[in-house]
Amino acid sequence: MRAKSARAAVQITQRLCRPRYGPFALHTARDGPMPEADGREEIAVTNPANGELLSTIISASEEDVQSAVYSAHEAYKAGAWSRAPASQRAAVLSNLARELEERVPDLARVETAQTGRAIREMRAQLGRLPEWLDYYAAVLRTHNAYVAPTQGQLLNYVQRVPLGVVAQITPFNHPLLIAVKKIAPALAAGNSVIVKPSELAPISVLEFAEMAAAAGVPPGVLQVLPGYGRTVGKMLVSDPAVRKVDITAGTDTGRAIGRIVGANLAHYTAELGGKAPVVVFGDADVAGAVNGAAFACFVASGQTCVSGTRLLVQDAVYDEFMDGFLRKVGSITRRIGDPANPKSAMGTVISLRQLERIEGMVQRGVGTVLAGGRRMTGPSPLDGYDLSQGAFFPPTVIADVPTEDDLWREEIFGPVVVVKRFSTEQEGIDLANGCKYGLGAGLWTQDLSRAHRVSAQIEAGLVWVNTHHRNDPSSPWGGMKESGIGRENGLEAYEAYTQSKSTIVNVATAEETRKVQDWFAEEDEEKRYG
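Structure report, in brief. Since this is a predicted model, take the numbers as computed values, not measurements.

Reading guide: rules and limits
Residues numbered from 1 in each chain as written. Predicted model: local features only at pLDDT ≥ 70, side-chain atom pairs only at ≥ 80, totals over all residues. Heavy atoms only, no water. Pairing = 2+ DSSP bridges. Helix = DSSP H or I, 4+ residues; strand = E, 2+ residues; numbered from the N terminus. Contact = heavy atoms within 4.5 Å. Axes fitted to C-alpha atoms, helices over the stretch in contact; angles between N-to-C directions. Disulfide = S-S within 2.5 Å. Core = buried A, V, L, I, M, F, W, Y, C linked by side-chain atoms within 4.5 Å. Buried < 20%, exposed > 50% of the residue type's maximum accessible area, 1.4 Å probe, protein only. Salt bridge = Lys/Arg side-chain N within 4 Å of Asp/Glu carboxyl O. 1 Å grid on protein atoms, 1.4 Å probe; cavity = no way out; pocket = protein on both sides within 12 Å on 5 of 7 lines; lining within 4 Å. Points joined across faces, edges and corners; volume = space filled by probe spheres on them. Nonpolar A, V, L, I, M, F, W, Y, C, P; charged D, E, K, R; others polar. Parallel < 35°, antiparallel > 145°, perpendicular 65-115°, else oblique. Left-handed = near helix turned anticlockwise from the far one by under 90°. Expected span 1.5 Å × (residues − 1). Phe/Tyr/Trp six-rings, centres within 6.5 Å; stacked < 30°, edge-to-face > 60°. Lys NZ or Arg CZ within 6 Å of the ring centre and 35° of its normal.

Re the sheet that holds strand β20 (residues 484-485)
In spatial order, the strands read β8-β7-β6-β9-β10-β20; together these 6 strands make up an open sheet with mixed pairing. Each edge of the open sheet is held by one strand with a lone partner, namely β8 (222-224) and β20. Where strand β6 (residues 165-169) lies against strand β7 (residues 192-196), 5 bridges are found, and the strand directions are parallel. Across the sheet, residue V166 finds its bridge partner in β7, namely V193. Across the face of the sheet, helix α6 (residues 175-188) comes into contact with β6, β7, β8 and β9 (242-248) while running at roughly 170° to β6.

Listed below in structure tokens is the structure:
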């Protein structure tokens with residue numbers, strides 16, 4: 001019975017996505033829904049929960065990249081989108097939001113299939129994506145230019161204008177969420193957008209591009225070039241016609257791309273690595289902190305840049321907290337099954353290669369493994385799903401890890417958390433800040449004064465108090481230290497996809513103008529310079 005159910009799930013997934021996809025670009029439109037490789041590299045996208053082939057992706061070639069950038073630039077210059085009234089762009093984004101709402105159930109199943117994440121996560125996550133499109137549509141309807149208080153008889157109005165061609169590189173962990181977070185403000189601002197999605201999970205982004213075209217985004221304004229970062233991504237960000245690059249990636253990749261972008265004097269936004277602390281103070285509501293910390297550490301199988309990977313617990317509640325936390329970990333572990341099962345608590349990591357990396361880091365003999373630590377195999381207690389066929393790694397808790405070790409210092413990108421106790425408030429702050437990353441952090445306390453006081457001292461772009469990983473299109477998202485440059489979300493993201501343009505109009509009479517602006521007049525009279 002279980003085998004029959006698994007086969008049915010695979011068949012459903014295959015109906016939701018095509019067996020082949022190619023680059024979604026203006027010059028490939030004639031290729032149709034079943035493109036041929038024509039000498040280009042092919043990439044197999046597989047389900048990390050069972051190894052099944054989902055689709056074959058044709059990687060963009062060098063010629064594809066050049067053609068896409070050219071057509072994006074031509075579309076920008078033509079002005080059908082870049083110079084369209086703000087109200088028109090807003091209407092298209094609103095239409096796209098409604099189309100996306102209709103497609104959420106199907107796209108959630110595609111996301112689960114290509115990432116291995118639990119379907120309950122993907123339904124909840126994708127259900128919110130139309131909010132980003134609606135938010136930036138509202139920004140377009142309400143955002144105002146302004147008049148600068150320039151001296152003299154001058155009218156100086158300042159507008160935000162688009163940058164031109166922008167490139168975005170998106171990751172595997174939240175394929176469509178992160179793509180939409182970047183695409184929405186970029187399109188709202190009037191740019192031509194080219195996305196290079198992760199080669200591990202490009203299907204939903206390619207599907208979204210088709211939806212955008214159907215909703216009214218003009219040809220050439222949104223294109224998607226699948227392929228590897230080392231080839232397609234590098235070619236794309238290296239093109240001098242690209243005026244902004246926006247990436248979500250590891251810190252090393254961010255540095256490498258930053259050097260390329262800087263050489264082209266282009267704009268740059270980079271959301272990079274993280275090693276988020278979750279600090280539980282002695283006055284915290286322990287039951288709430290246990291639930292919140294479990295979510296912080298293990299949602300998305302720990303594959304988020306704000307995942308709670310360093311759990312710091314004050315002495316007064318350490319034993320009580322750890323007892324509840326380990327019981328919660330055991331409950332999650334027992335409820336890991338088929339990611340397509342709505343009752344499954346957690347899915348896989350992205351690949352067997354990543355699983356082996358995680359297991360290798362955990363099994364070095366550093367610290368004390370309190371839970372998990374090894375690949376899951378055999379039938380699931382939840383639904384009998386054969387965990388041996390996928391990249392299933394359990395929630396893992398490790399104590400007694402030195403702060404100099406990689407488990408404490410480096411991003412693992414899996415469901416692994418290190419635990420440390422602390423005594424004083426300042427010690428907790430110092431441990432939280434004792435890291436090269438500064439993207440997200442969580443605090444648990446019922447002391448209002450402490451919540452504000454400690455939040456102000458935490459070196460992170462995002463600090464959650466008595467919650468974690470809350471996200472909203474209006475709330476800026478980005479990191480400090482080695483966690484990146486710039487911000488996603490909010491007006492900051494919109495303005496980062498634009499540049500200011502000042503228009504200064506002399507409103508003096510012709511007679512006054514002749515007198516004031518004749519700098520080289522023969523009579524010796526003081527003139528204004530500038």
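Side note on unusual backbone geometry
Here D400, not a glycine, exhibits a phi torsion of approximately 60°, which is positive. Secondary-structure assignment places D400 in the loop between β14 (396-399) and α13 (406-409).

Some details on the state of the cysteines
Applying the stated criterion across every chain, the model contains 0 disulfides. No disulfide involves C305; its sulfur sits 12 Å from the nearest other cysteine sulfur, which is in C435.

Notes on the nonpolar core
L133, Y136, F208 and L222 are the most contacted members of the largest nonpolar core, which totals 59 residues. Among the elements that take part in this core, helix α3 (residues 86-115) stands out by supplying 11 residues, more than any other. The residues touching F208, leaving out its near neighbours within four places in the chain, are L96, L100, L133, L176, V180, I183 and L222. Among the nonpolar cores identified, the runner-up in size contains 33 residues, and F298, V317, Y385 and W444 belong to it.

A word on the pattern of salt bridges
Per the counting criterion, the structure on display carries 25 salt bridges. In this structure, the salt-bridge partner of K77 is E74, at a minimum N-O distance of 3.1 Å. Taken together, the positions of K77 and E74, both in helix α2 (residues 62-78) and 3 residues apart, correspond to about one turn of that helix. A relative accessible area of 45% places K77 in the partly exposed class. We classify E74 as partly exposed; its relative accessible area is 30%. Each of K181, K182, D246 and E488 takes part in a single network of salt bridges with overlapping partners.

A closer look at empty space enclosed by the protein
With the rule as written, the count across this model stands at 1 cavity of 30 Å³ or more. Within this model, the largest cavity holds a volume of roughly 50 Å³. In terms of lining residues, the largest cavity is bounded by 15 residues, among which P277, R310, A432, Y437 and E459 are the most central. Those elements that provide at least two residues to the lining of the largest cavity are β11 (276-280), α14 (425-433), β16 (437-438) and β17 (440-444). A per-class count over the lining of the largest cavity returns 8 nonpolar, 3 polar and 4 charged.

Let's talk about the packing of helix α5 (residues 130-142) against α6
The contact between α5 and α6 brings their axes to 9 Å, and the two run at 15°. Judged by the inter-axis angle, α5 sits roughly parallel to α6. Relative to α6, the crossing made by α5 is right-handed. Residues W132, L133, Y136 and L140 of α5 touch α6, and the partners they reach there are L177, V180, K181, A184, P185 and A188.

What to know about the packing of α3 against helix α4 (residues 119-126)
Direction vectors running N to C along α3 and α4 enclose 135°, while the axes themselves pass 9 Å from each other. Judged by the inter-axis angle, α3 sits oblique to α4. Seen along the crossing, α3 lies across α4 with a hand that is right-handed. Two secondary-structure elements touch here, α3 through V104, L107, A108, R109, E111 and T112 and α4 through I119, M122, R123 and L126. The class makeup of the residues in the contact of α3 with α4 is 6 nonpolar, 1 polar and 3 charged.

Describing α6
An ideal rise of 1.5 Å per residue puts 20 Å on 14 residues; α6 measures up with 20 Å between its terminal C-alpha atoms. Phi for G190, located one or two positions after α6, is positive at around 100°.

Considerations on the layout of surface pockets
Looking at the largest pocket, its volume works out to about 1,400 Å³. Lining the largest pocket are 40 residues, and of these F172, E199, A249, G250 and T253 sit closest to its centre. Of all the secondary-structure elements, those providing two or more residues to the lining of the largest pocket are α8 (229-238), α9 (251-263) and α12 (352-362). Among the elements that take part in the lining of the largest pocket, α9 stands out by supplying 7 residues, more than any other. Looking at side-chain class alone, the lining of the largest pocket contains 16 nonpolar, 12 polar and 12 charged residues.

Re the packing of aromatic side chains
According to the stated counting rule, one finds 7 aromatic pairs in the structure shown. Ring geometry for F281 versus F422: centroids 5.6 Å apart, planes at 85°, classification edge-to-face. Of this pair, F281 sits in the loop between β11 and α10 (286-298) while F422 sits in strand β15 (residues 416-422); the two residues are 141 residues apart in sequence, bridging distant segments of the chain. According to the relative accessible area criterion, F281 is buried, its value standing at 1%. Ring centres of Y385 and F392 lie 6.0 Å apart, and the angle between their planes is 65°; this geometry places the pair in the edge-to-face category. Three or more aromatic residues joined by ring pairs form one cluster here, namely F298, F321 and F325. Seen from the ring of Y497, K244 lies directly overhead, with NZ or CZ sitting 4.9 Å from the centre. One residue, R421, lies across the ring of Y318, its end atom 4.2 Å from the ring centre.

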